[in-house]
Amino acid sequence: MSFTHEAGRSAFSTLINTTLKYIDKDREKSLLKMVDLAEAFMGKNFDKMYYDGAREMIKDPDCKWIKYLNKALDDIDPNIVKTAALNLGYEAGFYGTKKIRKMRELHNCNIPWLILIDPTTACNLKCKGCWAAEYGNKLNLSFEELDKIIIEGKELGVYFYLYTGGEPLVRKDDLIKLCEKHKDCEFHAYTNGTLVDDELCEEIKRVGNFTLSISIDGDEKANDDRRGEGTYQKVLNAMDTLRKHKILYGASICYNSQNVYSVTSDDFLDMLIDKGVRLIWYFHYMPVGNDAVLELLPTPEQREYMYHRVREIRSLDGGKPIFALDFQNDGEYVGGCIAGGKNYLHISANGDVEPCVFVHYSSANIKEVSLLEALKQPLFMSYRENQPFNENHLRPCPMLENPEHLRKMIETTGAKSTDIISPECVNHLCDKCIPYANSWEETANRLWDESKK
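Residues numbered from 1 in each chain as written. Predicted model: local features only at pLDDT ≥ 70, side-chain atom pairs only at ≥ 80, totals over all residues. Heavy atoms only, no water.

## Side note on the pairing of strand 2 (residues 160–163)
1) Next: Burial along strand 2 is two-sided: Phe 160 and Leu 162 facing one way and Tyr 161 and Tyr 163 facing the other are all buried.
2) Next: As judged from the four bridges shared by strand 1 (residues 114–117) and strand 2, these two strands associate in the parallel manner. By the bridge assignment for strand 2, Ile 115 is matched with Tyr 161.
3) Next: Where strand 2 meets strand 3 (residues 186–191), four bridges bridge the pair, whose relative direction is parallel. Note that in strand 3 the partner of Leu 162 across the bridge is His 188.
4) Next: One crossover worth recording links strand 2 to the parallel strand 3 by way of helix 8 (residues 172–181), and it is right-handed. (Buried < 20%, exposed > 50% of the residue type's maximum accessible area, 1.4 Å probe, protein only. Helix = DSSP H or I, 4+ residues; strand = E, 2+ residues; numbered from the N terminus. Pairing = 2+ DSSP bridges. Right-handed = clockwise from strand over helix to strand, strands pointing away.)

## Thoughts on the pairing of strand 8 (residues 344–347)
Successive side chains on a regular strand alternate, one facing one side of the sheet and the next facing the other.
1) Next: The alternating pattern of strand 8 places Tyr 344 and His 346 on one face and Leu 345 and Ile 347 on the opposite face, and all of these are buried.
2) Next: Bridge count for strand 1 against strand 8 is four bridges, and the pairing is parallel. Residue pairing for strand 8: Ile 117 is matched across the bridge by Ile 347.
3) Next: In this structure, the hairpin formed by strand 8 and strand 9 (residues 353–354) is closed by a connection of five residues, where Gly 351 is found at a positive phi of approximately 95°.

## Topic: the domain arrangement of the protein
1) Next: Each assigned domain of the protein is listed with its residue range as follows: domain 1 (5–88) and domain 2 (109–452).
2) Next: For domain 1 versus domain 2, the distance between C-alpha centres works out to 28 Å.
3) Next: On the domain 2 side, the residues contacting the 19 residues of domain 1 number 27 residues.
4) Next: Buried surface at the junction of domain 1 and domain 2, summed over both partners, amounts to about 1,800 Å²; 59% is from carbon and sulfur atoms.
5) Next: The largest share of the area that domain 1 buries against domain 2 comes from Lys 64, Tyr 68 and Ile 80, three residues that together contribute 31% of it.
6) Next: Inspection of the domain 1/domain 2 interface yields one salt bridge.
7) Next: If you look at where domain 1 meets domain 2, you find eleven residue pairs in polar contact (both at pLDDT 80 or more). (Domains from an automatic or database assignment. Contact = heavy atoms within 4.5 Å. Buried area = accessible area lost by both parts, 1.4 Å probe. Salt bridge = Lys/Arg side-chain N within 4 Å of Asp/Glu carboxyl O. Polar contact = N/O pair within 3.5 Å; in protein donor to acceptor, adjacent residues only side chain to side chain.)

## So, helix 3 (residues 48–58)
1) Next: Residues Tyr 51, Arg 55 and Ile 58 constitute the buried set of helix 3. In an axial view of helix 3, the angular spread of the buried residues amounts to 65°, which keeps them on one side of the axis. Looking at helix 3, the residues exposed on the side facing more than 90 degrees away from the buried face are Met 49, Tyr 50 and Glu 56.
2) Next: Two or three places before Met 49, at the opening of helix 3, Asp 47 has a side-chain oxygen 2.9 Å from that residue's backbone nitrogen. (Arc of directions from axis to C-beta.)

Encoded structure:
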């Protein structure tokens, strides 16, 4: 298996190099070769209609997404383009996916496609409503512990790792060292952007397998009110620096009842596009924690607006030349909830292996058990037995839209709150979600019926 894997990676790398070498001479021909290459290596992972659809788009010079791709190829460093294609395409998309499917059968448990990790709780900002300000620099995963997670993850087929925090770039030296050691993995960090500088960008270009998403809450007033005066301009400066160095990066946005329209407006999106942002991760506000502000939960009307707006942004015709994902409303494309190791999990800076970054309960710590043992903890096995939590995948979450499921799973598995500052009992959390779940149900059912048609 090792020889086959290495030989496949080598062949895939050679073909990517050849394609990129001639991409400026005959881009359409080169891109068509890339699709042929993808189908040859990953054909059984996707229906043939997707490869044929990609070929049709490539042949249409006026296609929105071909223009988007061509601009990316012009504006992003070639080493980053090649490494992303190799690590996300071959390692994670082809080899990793095949291995994960085998491991799920072998071990009879969920195996994720990606792992989200908090390297530290430390942060250089003190944003309103963020738990990192309370934790400070109290919790960290050492380089050796982070390395162990990745080594064990690769043994299970996991080649994609995301970082959050705290502010993960506080640990940028260790993160770059991990990129160097695990050249076959792709790494991505959610960051406030204030620690981005020329030196970091040069390191990112050198390793090739590290990308970023900058957190932004809307306009200057919205950002500075929450993150501190002057933060918005620092974020814009970080974007300019990333664009100057031809770094692939995106934006991370938490939408709530107060900013849902501003962070999806044409003006806001045009600003991000002008700054070189390639993708947007939209995250629904979650009422997690004893001090959660329930008034920030979007109304059913606002969430329905997000459902339609995100699809409009990324539509084949019209919209915007930026790829947008909605962590909550895109459940219909991934079979509902992907947490609990089904496709992803979260590891805190304390080492607690949690089903989701928004579900702070666990009975396994990575400092004490292996990753595989953590995946077999009772809470994760309960996730596996109960997914999907709703046949309507626009109501995917066992906490937000189906709180009775999370309540039962925590009570029956004995998982404990992992919040060391202010532990929240599951009844307190789930009781807060019941009114939201009830109010969203009717709208979600209507949208689900329309989507199926």
